[in-house]
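# A look at the structure
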Amino acid sequence: MVERVPYDGFGIFIRKIGYSVGLESTLVRAIDFARMYGRELTLTRSSISRLLHAAPPEGWNLDAANEHILDVFRALEIVDARRGEVTALALGDALGIFAAFSEENELSQAARLLLTTEFIWADGDIFLNAIAAEFQADEFRDRLGRLLESKWTTLESLLLSDNLRKSIYGAVTIETQPTNKGSQSKFGEIDLNRLLVKRLPLRSSLDRPTVAISDSYLRKALPRRKAWAISLGISNDDGTITDDGKALLEGMVSLNQCGPSTFTVWPLVHELQSALFTSMRARGFPSVTFFDLLSATTSALVKTGTSNTLGVDELAREIQHIHCDYQKLNTAKRIVRSELPLRVLERCLVKFAIRGQGLPSVRDSIEELQAAHPYGIRVRASRVAEYAFSFGGK
């Protein structure tokens, strides 16, 4: 199965999606999902089943037993279809709104921007280093070694006890599957015994573990991420980096999502709310929001950054308009959609960047929006949505 690393208190410190099946044609399939959602204005188990198993053009003609793409979609915050329940997640709602209420060309451009951002958030430790290595196996292997070494060094300096370090080493790692040969690829066989991170003594009694990256990991992880990068225009067909890809990597460097000759994607601010992690930000830990990632991606791929040129009144009207679309999109759940999550709102606002107007920052305008009349905007802090927006009257 494929999913983001389960939350165990320290899983947030490694950004990776498992390398099992279901990763193919992700961009195209995300757009297909958006069109279906925008057309039907609801999500049901039967509509998801048709999308997966019906013959083209209605569906993807997948085998009845093959629903692994749903694990990927859940990891990418598109849809959660477990246990008979079907729930649209933040990216799925945003894409559905583009499909239902925007022009077709805006849907495809928004999907490219938003999915790139989501790949970085969900899988950036692997994805960005694969891009930077231009999908060359040896370079990628070395980058992953430097990734782990850099993250361990940073976390060791912030979390000093042996118990905490043990948790770090257990969570911040790359899986190895020496008995799983995986599919063959152009990379061929690589020495399984080559170590990425040597055993180094610590100031405490606990040593760093020995880490090796298996050949099967390289064979499965690289080709699928290469397909992502090519579809997003970040890499060329031969794996070399495009100008957009170079701009994207430079944007991540500007956000301090990097270490020595490697990329290191750290948790977002809202993910570090526990008492254990709160003090980390005050000690030089990278402080990055989802909007920072979205803005960096937008700047790289559309060549436009943050802009507040909308003005508070226009931004308030736009939030009200998107909230209406959010309620119309899923008619079956309209009654529980009284609040618009910030994570959906920010994704929808990339339409202004696509139109050449820049990406508005809602976070910078929250106090002004609450004071804006006659919109009656209410803003509630939320651990799930960061902020939730509702309207109290005109």
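Each value, and the rule that gives it
Residues numbered from 1 in each chain as written. Predicted model: local features only at pLDDT ≥ 70, side-chain atom pairs only at ≥ 80, totals over all residues. Heavy atoms only, no water. Helix = DSSP H or I, 4+ residues; strand = E, 2+ residues; numbered from the N terminus. Areas by Shrake-Rupley, 256 points an atom, 1.4 Å probe, with all protein chains shown as cover. Pairing = 2+ DSSP bridges. Contact = heavy atoms within 4.5 Å. Axes fitted to C-alpha atoms, helices over the stretch in contact; angles between N-to-C directions. Phe/Tyr/Trp six-rings, centres within 6.5 Å; stacked < 30°, edge-to-face > 60°. Buried < 20%, exposed > 50% of the residue type's maximum accessible area, 1.4 Å probe, protein only. Salt bridge = Lys/Arg side-chain N within 4 Å of Asp/Glu carboxyl O. Core = buried A, V, L, I, M, F, W, Y, C linked by side-chain atoms within 4.5 Å. Polar contact = N/O pair within 3.5 Å; in protein donor to acceptor, adjacent residues only side chain to side chain. Parallel < 35°, antiparallel > 145°, perpendicular 65-115°, else oblique. Left-handed = near helix turned anticlockwise from the far one by under 90°.

What the protein chain contains, in helices and strands, is 15 helices and nine strands. Accessible surface, the protein chain: about 16,600 Å² in total, of which carbon and sulfur atoms supply 50%.

One open sheet accounts for three strands, arranged E7-E9-E8; its pairing is antiparallel. Only two strands of the sheet have a single partner each, and these edge strands are strand E7 (340–341) and strand E8 (377–382). Here six bridges tie E8 to strand E9 (residues 386–391), and the two strands are oriented antiparallel to one another. Residue pairing in the sheet places Arg378 in a bridge with Ser390 of E9. The sheet contacts of helix H12 (residues 312–329) involve E7, E8 and E9, and relative to E9 the element is tilted by about 90°.

Once that is clear, we can look at the packing of aromatic side chains. Across all of its chains, the model carries 10 aromatic pairs by this definition. Where Phe33 meets Tyr37, the ring centres are 5.7 Å apart and the plane angle is 50°; that geometry is what we call tilted. One end of the pair, Phe33, and the other, Tyr37, are both in helix H1 (residues 26–40), four residues apart, so they sit about a helical turn from each other. A relative accessible area of 0% means that Tyr37 is categorised as buried.

A few words now on unusual backbone geometry. For the peptide bond that leads from Pro56 to Pro57, omega is 5°, which places it in the cis range. Position of Pro57 among the secondary structure elements: in the loop between helix H2 (45–53) and helix H3 (69–75). Phi angles above zero are rare outside glycine, and Asn256 is one such case at about 65°. Within the secondary structure, Asn256 sits in the loop between helix H9 (243–254) and strand E5 (258–259).

Inspection of every chain in the model, using the stated rule, returns 24 salt bridges. In this structure, Glu386 engages Arg343 in a salt bridge whose closest nitrogen and oxygen atoms are separated by 3.7 Å. Taken together, the positions of Glu386 in strand E9 and Arg343 in helix H13 (residues 342–348) put the pair 43 residues apart, joining distant regions of the chain. Note on Glu386: relative accessible area 10%, which makes it buried. Here Arg343 falls in the buried class, since its relative accessible area comes to 12%. A single network of salt bridges, built from pairs that share partners, joins Arg343, Glu346, Arg363 and Glu386.

Bringing the nonpolar core into the picture now. Core analysis: the biggest nonpolar cluster contains 125 residues, and Phe13, Phe33 and Phe389 have the highest contact counts within it. The element contributing the most residues to this core is helix H5 (residues 104–132), with 16 residues. With residues near it in sequence (within four places) discarded, Phe33 still touches Leu43, Ile48, Leu51, Phe73, Ile78, Val79 and Gly92.

Take the side chain of Thr297 next. With respect to the helices, strands and loops of the structure, Thr297 is situated in helix H11 (residues 290–302). Judged by relative accessible area, Thr297 falls into the buried class, the value being 1%. A distance of 3.0 Å separates the side chain of Thr297 from the backbone oxygen of Leu293, its partner in a polar contact.

Before going further, it helps to spend a moment on the packing of helix H6 (residues 137–158) against helix H7 (residues 162–171). Contact geometry for H6 and H7: axes closest at 10 Å, N-to-C directions at 160°. Taken together, the axes of H6 and H7 are roughly antiparallel relative to one another. Handedness of the H6/H7 crossing: right-handed. When H6 is examined against H7, the residues Trp152, Leu155 and Glu156 are found in contact with a partner set consisting of Arg165, Ile168 and Tyr169.

Everything listed here is a matter of coordinates, which is why it stays silent on function.
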